[in-house]
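# Analysis of the macromolecular model
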Amino acid sequence: MENISSIEKVLKEKGYKLTKQRSDILSVIYKENTHLSAEEIYARLKKNNIGLATVYRTLNLLTDLNILKEVKINEMSYYEPKMFSKKSLHIHFKCDKCNTIFDIDSDSIAVKYLKINRLIEKENNVIVNDVDILLNGICEKCRNK
Ligand SMILES: [Zn+2]
Ligand SMILES: [Zn+2]
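Remember, predicted model here, so these are calculated numbers, not experimental data. (Residues numbered from 1 in each chain as written. Chains lettered and ligands numbered in written order. Predicted model: local features only at pLDDT ≥ 70, side-chain atom pairs only at ≥ 80, totals over all residues. Heavy atoms only, no water.)

### Things to note about the overall build of the chain
Within the chain, the secondary structure is distributed over six helices and six strands. Counted from the first residue to the last, the chain has its helices and strands arranged as α-α-β-α-α-β-β-β-β-α-β-α. Taking all 145 residues of the chain together, 37% fall into the buried category. A fraction of 52% describes how many contacts in the chain between residues 6 or more apart in sequence connect residues 24 or more apart. Charge separation in the chain, taken as the distance between the mean sites of 25 positive and 20 negative side-chain charges, equals 3 Å. (Helix = DSSP H or I, 4+ residues; strand = E, 2+ residues; numbered from the N terminus. Buried < 20%, exposed > 50% of the residue type's maximum accessible area, 1.4 Å probe, protein only. Contact = heavy atoms within 4.5 Å. Lys, Arg positive; Asp, Glu negative; His and termini not counted. Charge placed at Lys NZ, Arg CZ, Asp CG, Glu CD.)

Right under this line is the structure:
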């Protein structure tokens, strides 16, 4: 995959190798491009003989290197692509009933939010590097039940 070879370069610059296991884990995350827990990634890679401890270790490393994004919801960590991900802003919505997590992807909201960001920077004399917004509520499917 194109992303994986770009990530290999990033790893090399930081003194890490793209091992088979790292490559397998990255492939799952970049291919599914959604929020996966360590257990879910482990379940998909069991047949490749990757242990759960290796999955945890690799996810921590890739998060530290800013390649993956870790989303913590109710003490659970989920992982998704960060590097080469085309999302400028990440707003997560979690349904309180079915526990589904999804991204609110909207250009018009992103533009409005970035304006708020600039205001926050100006009023507080800070620089915003990353934004994590988690909304809780009831998803469309559960509302219609
Ligand atoms: Zn729901
Ligand atoms: Zn997300």
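### Comments concerning the sheet that holds strand β6 (residues 133–137)
Spatially, three strands are ordered β5-β4-β6 in an open sheet, and the strand pairing comes out mixed. Single-partner strands in this sheet number two, and they are β5 (101–103) and β6. Strand-to-strand twist across the sheet, computed as the mean angle between neighbouring axes with direction ignored, equals 25°. One ladder, built from three bridges, connects strand β4 (residues 91–95) with β5; its direction is antiparallel. Opposite phenylalanine 93, over in β5, you have phenylalanine 102 as the bridge partner. (Pairing = 2+ DSSP bridges. Axes fitted to C-alpha atoms, helices over the stretch in contact; angles between N-to-C directions.)

### Examining the domain arrangement of the chain
You can read the domains of the chain as domain 1 (2–81) and domain 2 (91–143). Each of domain 1 and domain 2 has a C-alpha centre, and the two are 24 Å apart. Taken together, the contacts link seven residues of domain 1 with nine residues of domain 2. Per-residue buried area on domain 1 facing domain 2 is highest for His35, Lys69 and Ile73; these three make up 69% of the total on that side. (Domains from an automatic or database assignment. Buried area = accessible area lost by both parts, 1.4 Å probe.)

### Here's the deal with the pattern of salt bridges
What the rule picks out here adds up to three salt bridges. Among the ionic pairs, glutamate 32 bridges to arginine 44, the shortest N-O distance being 2.6 Å. Of this pair, glutamate 32 sits in helix α2 (residues 20–32) while arginine 44 sits in helix α3 (residues 38–45), and the two are twelve residues apart along the sequence. (Salt bridge = Lys/Arg side-chain N within 4 Å of Asp/Glu carboxyl O.)

### Considerations on the packing of α2 against α3
Across the interface, α2 lies against α3 with an axial gap of 10 Å and an inter-helix angle of 110°. Regarding the angle of α2 to α3, the classification is roughly perpendicular. Once α2 is placed against α3, the crossing between them reads as right-handed. Contacts from Asp24, Ile25, Val28, Ile29 and Glu32 in α2 reach Ile41, Arg44 and Leu45 in α3. Of the residues in the contact of α2 with α3, the class split is five nonpolar, no polar and three charged. (Parallel < 35°, antiparallel > 145°, perpendicular 65-115°, else oblique. Left-handed = near helix turned anticlockwise from the far one by under 90°. Nonpolar A, V, L, I, M, F, W, Y, C, P; charged D, E, K, R; others polar.)

### Brief notes about unusual backbone geometry
For asparagine 33, which is not glycine, the phi torsion reads 50° and is therefore positive. Counting through the fold element by element, asparagine 33 comes out in the loop between α2 and β1 (36–37). Taking relative accessible area as the criterion, asparagine 33 reaches 45% and is therefore assigned partly exposed. Backbone geometry at asparagine 66 places phi at a positive 65°, although glycine is not the residue there. As for its position among the elements, asparagine 66 is in the loop between α4 (52–64) and β2 (68–73). Its relative accessible area of 44% is what places asparagine 66 among the partly exposed residues.

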